[in-house]
Amino acid sequence: MRPVGPWSVVIGLLLGVVRASDKYDFEGEHDKWTTNEDQDRGFKLVKASEARFEPGRPSKDTTLNTSEGHYGYASYDGSEEHFFLKRCLEPTGAQCQLRFNAIMGHEANVFVGTKLKCNCSESVQDTFFYSQLVNGSSADGWVNYNIPIGEHVLTFEVNLFAINQREGSFVAIDDLELVDCETKAVDEVVCPADRPFHCYGTSVCLSLDQRCDLHQDCLCGEDELDKLC
């Protein structure tokens, strides 16, 4: 293996910006928010005019504010947890937040969590990096929630779950929007001569002996990639 000298990694290009036009209002297709492939644990896209068939369900959405509008909905069916939506994002700054409107009835909650990703198809870990349980009440009608997502130095995935704890529990959700989630430039990292290999998104620098040693030292495993070994 040919040795290399000291090098620095500078990633300063903005890879994209989450704009207000990315709002998901359930009135049409949206290719950035996706739902669970297991529909038994997913939510239903419902029309507000059909609310009379399920007690407690809102009779108007928040986008159109009419009975002709749509929203996402999940109710207790013997399973407490229902997957709502997920979306993959590039690294963000500290101001990133998720806004949505929701009604939570009869001991229901919304769980918002993020998972670190090496890319949009591969998770770094099974546990959630950041999570918040949102409590609400159907007596309040539609309520707007602002959930801080914060800074992430790697690609990550936002996940929403409905937690319905008993018979009659339900969650309705509408108008999801990511705000101030501009992609964050990764700070410059200068690795010393004896540890010239940099692990993306971290301050970790490795020696050449740590590459291709069948032990993953970088969070995303780039020190053991086939193209390097």
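Residues numbered from 1 in each chain as written. Predicted model: local features only at pLDDT ≥ 70, side-chain atom pairs only at ≥ 80, totals over all residues. Heavy atoms only, no water.

The name recorded for the protein in an unreviewed UniProt entry is ALK tyrosine kinase receptor, from Biomphalaria pfeifferi.

**Quick look at the overall build of the protein**
Scanning the protein from terminus to terminus reveals zero helices and 14 strands. Reading the helices (α) and strands (β) of the protein from amino to carboxyl end gives β-β-β-β-β-β-β-β-β-β-β-β-β-β. Burial analysis of the protein (229 residues in total) assigns 42% to the buried set. Of the contacts made within the protein by residues no fewer than 6 positions apart, 71% connect residues no fewer than 24 positions apart. (Helix = DSSP H or I, 4+ residues; strand = E, 2+ residues; numbered from the N terminus. Buried < 20%, exposed > 50% of the residue type's maximum accessible area, 1.4 Å probe, protein only. Contact = heavy atoms within 4.5 Å.)

**Some points on the state of the cysteines**
By the definition in use, this model includes four disulfides. Disulfide partner of Cys 96: Cys 181, at an S-S distance of 2.0 Å. Across the disulfide from Cys 96 to Cys 181, rotation about the S-S bond amounts to roughly 80 degrees, and the bridge is consequently right-handed. Note that Cys 96 is positioned in the loop between β4 (81-89) and β5 (97-105) and Cys 181 in the loop between β11 (170-179) and β12 (186-190), a separation of 85 residues in sequence. Cys 181 shares its class with Cys 96; the two are buried. A sulfur-sulfur distance of 1.9 Å marks the disulfide that ties Cys 199 to Cys 218. Between Cys 199 and Cys 218, the S-S dihedral sits near -70 degrees, and the bridge is therefore left-handed. Of this pair, Cys 199 sits in the loop between β13 (197-198) and β14 (205-206) while Cys 218 sits in the segment after β14, placing them 19 residues apart in sequence. The residues Cys 199 and Cys 218 share a single accessibility class, namely buried. (Disulfide = S-S within 2.5 Å.)

**Here's the deal with the nonpolar core**
Within the largest apolar cluster, 29 residues are counted, with the highest numbers of intra-cluster contacts made by Trp 33, Phe 84, Leu 98, Phe 100, Val 112, Leu 160 and Leu 176. Of all elements in the fold, only β4, β5, β6 (108-119), β9 (143-148), β10 (156-164) and β11 reach the threshold of two or more residues within this core. One finds Val 46, Ala 51, Tyr 71 and Tyr 73 within the second-largest nonpolar core, a separate group that totals eight residues. (Core = buried A, V, L, I, M, F, W, Y, C linked by side-chain atoms within 4.5 Å.)

**As for the confidence of the model for the protein**
Low-pLDDT stretches of the model should not have their predicted coordinates read in fine detail. For the protein, the mean per-residue pLDDT works out to 77, and 78% of the residues sit at or above 70. Here strand β1 (residues 8-11) is the element of the protein with the lowest mean pLDDT, 28, and β14 is the one with the highest, 92. Scored below 50 in pLDDT, residues 1-21 makes 39 contacts in the model with residues more than four places away or belonging to other chains. (pLDDT = per-residue confidence, 0-100.)

**Description of the environment of Val 158**
Relative to the assigned elements, Val 158 resides in strand β10. In sequence terms Val 158 and Ser 131 are 27 residues apart; their C-alpha atoms lie 9.6 Å from each other. Apart from residues lying up to four places away in sequence, Val 158 is in contact with Trp 33, Leu 85, Lys 86, Arg 87, Leu 89, Leu 98, Val 112, Gly 113 and Thr 114.

**Remarks on the sheet that holds strand β3 (residues 70-75)**
A sheet is described by the order of its strands in space; here five strands give the open sequence β2-β3-β11-β5-β9, paired in antiparallel fashion. The open sheet has two free edges, formed respectively by β2 (44-47) and β9, since each of these has just one partner strand. The sheet shows a mean angle of 40 degrees between the axes of neighbouring strands, direction not considered. Pairing analysis gives eight bridges linking β5 to β11, with the strands arranged antiparallel. Bridged to Gly 105 within β11 is Phe 170. (Pairing = 2+ DSSP bridges. Axes fitted to C-alpha atoms, helices over the stretch in contact; angles between N-to-C directions.)

**Section: the side chain of Ser 75**
Take Ser 75: it is sitting in strand β3. Relative accessible area serves as the criterion here: at 19%, Ser 75 is assigned to the buried category. Not counting chain neighbours up to four residues away, the residues in contact with Ser 75 comprise Glu 54, His 82, Asn 164, Ser 169 and Phe 170.

**Considering the pairing of β6**
Most of β6 is tucked away, with ten of its twelve residues classed as buried. Pairing of β6 with β10 involves nine bridges; the strand directions are antiparallel. For Asn 109, the partnering residue across the bridge sits in β10 and is Ile 163. Inspection of the sheet shows β6 paired to strand β8 (residues 130-135) by six bridges, in the antiparallel sense.

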